Structures are given as C-alpha cells and as structure tokens.
Amino acid sequence: MKIISFKICPFVQRVTALLEAKDIKYDLEFISLSDKPQWFLDISPNGQVPVLIADSGKALFESEAIVEYLEEAYPPLQPKLAPEDRAVNRAWSYLASKNYLVQCSAQRSADEDVLKERSDKLGKAFDKVERQLGDTPYFAGDTIGMVDIAWLTLLHRAHIIEQRTGYDFIGDRPKLKKWQKKLMETGLAERSVASDFEEAFSEFYLSDKTYLGRGSRVDNCCFSEACATDACC
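Calculation rules
Residues numbered from 1 in each chain as written. Predicted model: local features only at pLDDT ≥ 70, side-chain atom pairs only at ≥ 80, totals over all residues. Heavy atoms only, no water. Helix = DSSP H or I, 4+ residues; strand = E, 2+ residues; numbered from the N terminus. Rg over C-alpha atoms; globule rule 2.2 N^0.38 Å. Buried < 20%, exposed > 50% of the residue type's maximum accessible area, 1.4 Å probe, protein only. Areas by Shrake-Rupley, 256 points an atom, 1.4 Å probe, with all protein chains shown as cover. Lys, Arg positive; Asp, Glu negative; His and termini not counted. Charge placed at Lys NZ, Arg CZ, Asp CG, Glu CD. Core = buried A, V, L, I, M, F, W, Y, C linked by side-chain atoms within 4.5 Å. Contact = heavy atoms within 4.5 Å. Axes fitted to C-alpha atoms, helices over the stretch in contact; angles between N-to-C directions. Parallel < 35°, antiparallel > 145°, perpendicular 65-115°, else oblique. Nonpolar A, V, L, I, M, F, W, Y, C, P; charged D, E, K, R; others polar. Pairing = 2+ DSSP bridges. Right-handed = clockwise from strand over helix to strand, strands pointing away. Expected span 1.5 Å × (residues − 1). Arc of directions from axis to C-beta. 1 Å grid on protein atoms, 1.4 Å probe; cavity = no way out; pocket = protein on both sides within 12 Å on 5 of 7 lines; lining within 4 Å. Points joined across faces, edges and corners; volume = space filled by probe spheres on them.

Student: Just to check I follow, could you spell out the overall build of the protein chain for this structure?
Tutor: The helix and strand inventory of the protein chain stands at 11 helices and 4 strands. Relative to its length of 233 residues, the protein chain is compact, with a C-alpha radius of gyration of 17 Å against a globular reference of 17 Å. Judged by the C-alpha coordinates and their principal axes, the protein chain covers about 55 × 45 × 25 Å. A buried classification covers 50% of the 233 residues belonging to the protein chain. Total accessible area computed for the protein chain in this model is approximately 11,400 Å², and 49% of it derives from carbon and sulfur atoms. In the protein chain, 30 side chains carry a positive charge and 37 a negative one; their mean positions are 2 Å apart.

Student: Hey, could you run me through the nonpolar core in this one?
Tutor: In a soluble, globular protein the nonpolar side chains are often hidden away together inside. Residues Trp151, Phe169 and Trp179 are the most contacted members of the largest nonpolar core, which totals 70 residues. Per-element tally for this core: the top contributor is helix H7 (residues 146-165), with 11 residues. Among all residues touching Phe169, those that are not within four sequence positions of it are Ala106, Gln107, Leu115, Ser119, Leu122, Phe126, Ala158, Ile161 and Leu212.

Student: Would you explain the packing of helix H1 (residues 10-21) against helix H3 (residues 63-73) in this entry?
Tutor: Helix-helix packing is characterised by the crossing angle of the two axes and by the distance between the axes. Where H1 meets H3, the closest approach of the two axes is 10 Å, and the angle between their N-to-C directions is 5°. By the angle class used here, H1 and H3 are roughly parallel. When H1 is examined against H3, the residues Phe11, Arg14, Val15, Leu18 and Leu19 are found in contact with a partner set consisting of Ser63, Glu64, Ile66, Val67 and Leu70. Each residue belonging to the contact of H1 with H3 can be placed in one class, and the counts come to 7 nonpolar, 1 polar and 2 charged.

Student: Is there a simple way to explain the pairing of strand S1 (residues 2-5) in this structure?
Tutor: In the case of a regular strand, side chains alternate between the two sheet surfaces. Direction of pairing for S1 relative to strand S2 (residues 27-30): parallel, over a ladder of 4 bridges. Within the sheet, the bridge partner assigned to Ser5 lies in S2 and is Phe30. For the crossover from S1 across H1 to S2, the handedness is right-handed. Of the strand pairs in this sheet, S1 and strand S3 (residues 51-53) are connected by 3 bridges, and their pairing is antiparallel. Bridge pairing in S3 links Ile4 to Val51.

Student: Even after reading the chapter, I still don't get the environment of Asp113, so can you show me in this structure?
Tutor: Here Asp113 shows up in helix H6 (residues 112-132). Taking the relative accessible area as the measure of exposure, Asp113 reaches 63% and is therefore exposed.

Student: Help me understand the sheet that holds strand S4 (residues 59-61), please; the structure alone is not making it clear to me.
Tutor: What links the strands of a sheet is backbone hydrogen bonding, and the strands pair in either a parallel or an antiparallel sense. Across the sheet, 4 strands lie side by side as S2-S1-S3-S4; this open sheet has mixed pairing. Edge positions in the sheet fall to S2 and S4, since each has one partner strand and no second. Averaged over neighbouring strand pairs, the angle between their axes works out to 25° when direction is ignored. Lying over the sheet, H1 contacts S1 and S2, oriented at roughly 155° with respect to S1.

Student: When you look at helix H8 (residues 174-185) in this model, what are you seeing that I'm missing?
Tutor: Think of an α-helix as 3.6 residues a turn; residues three or four steps apart then line up on the same face. Under the 1.5 Å per step criterion, the end-to-end length of H8 is 17 Å for 12 residues, consistent within 8% with the ideal 16 Å. Listed as buried for H8 are Leu176, Trp179, Gln180, Leu183 and Met184. Along the axis of H8, the buried positions cluster into a sector of 135°, meaning they face one direction only. Facing away from the buried side of H8 by over 90 degrees, the exposed positions are Pro174, Lys178, Lys181 and Glu185. At its buried positions, H8 is contacted by H6, H7 and helix H9 (188-191). Just downstream of H8 lies Gly187, where phi reads positive at about 80°.

Student: What's the story with the layout of surface pockets in this structure? I'm lost.
Tutor: Taken as a whole, the largest pocket encloses approximately 350 Å³ of empty space. Among the secondary structure elements, those contributing two or more residues to the lining of the largest pocket are H3 and helix H4 (83-97). Per-element accounting of the lining of the largest pocket gives the leading share, 5 residues, to H3. Within the lining of the largest pocket, the residues separate by chemical class into 6 nonpolar, 4 polar and 7 charged.

Structure representation (structure tokens):
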C-alpha cells in the first residue's frame, strides 16, 4: 500500500504510526499542499492528506476512516476489547485528532498573547486526558492501543517543541508526562515520520515568523504561562 503524505502533517503521522505499530509495510509519496497535483485531487475529494492507496488500488481518504480500516482489515492492536471499550477508545482518539489543528495553530503563534490563548485551548484537552490516565504504561493497559496512536502525534510535537525551545505545552500534568515518555521510548514517533521531519517541522513552526521560533532555547520562565491552513496540514 502507499500513503500520500505531506511531511509534517499530524493526520498522516497517526496513520503511519498505526502502520508501524502493526508492522505493515507501506510506501510514502510526498506532495506539496500548495501545489497539489491533479492526480491527487482526483482521488482525494477533500484535497487533504493522508490518502491510502490499498493493494487493490482503491484510494481511501480521511484519517479517521483510514485508521478504522487498518484496525478492521489487519490484526487489531487490542483484540480482546469489548464493543463498548472500542467505542470509548474511538471517542478518546477523536479528542486527540480534533486538537491536531489546535496544536498546529498554537505552534504557529506570532506573539505571546496568541500563544497563551491557543495553549490554553490545547491544555483543556490535556487536562481531560490527564484525569483519565491511570497507572498503566499505556492508555488502556500494558499494550499499546488506538488511543495511544492518536495521542502520539500531539505528544511527539510537544516533545520536539520542549527539546528545541524549552517551552512546555504539557506543563504540570504528571500522568501525561509519564505517558509521553513511554510513547517516545517506543520509537514509533521517529519511525512514523521522514528522516528529516524535525528539520522540516522546525523550519515551519520555529521560524522567525513564530513566537516560539524567535524565543528558541529560552527557559520556560521567559514565557508567560503556559494551524488550520493547508500549508500546515
């Protein structure tokens, strides 16, 4: 199968991280979202990535539909879940994915006030999952599941921002911090993106056009409390 991708899109990474977790072989083809080829528009009714081209040649679009297909068509990550638990997991996964663009927007903030406003919005989602997390390594037990895959993209990007700028989107949320650390240790984050992902990500989100970029590598104390465009995803 092939994934049509834009290099720094979180919706794509959710799909590729699931493919990596299931050990499914796939190819990647990158496109420019500012100059979408006609063949891509012909198979993607909404003009967005990701698109999965299955072995049959059929094109699947919308990341939610794609991950559900992958979970149904291949051995599930957590095969013994009851239908109610699968529904709960879909809901928690949706909470993650609907905040991908919130995070994109926060990372692109041009000034401190906008960053705080957008960080606070993202923080509301982080608060909800912080209250839900238990003592297990992953969201719902000792093995990685669909919810972990959905939140991986948010936590991966927060990790890069903190490493490169010192700004901590997660803040004082110890269970979320522990979960982030565990997910980073799996190596899925790195395996599910291009080899030059961090450079491409930083070029866009940590440029001199962004508040985080202009304040790169400063301590959190220099910040006050802690991208819905085609160019982003």
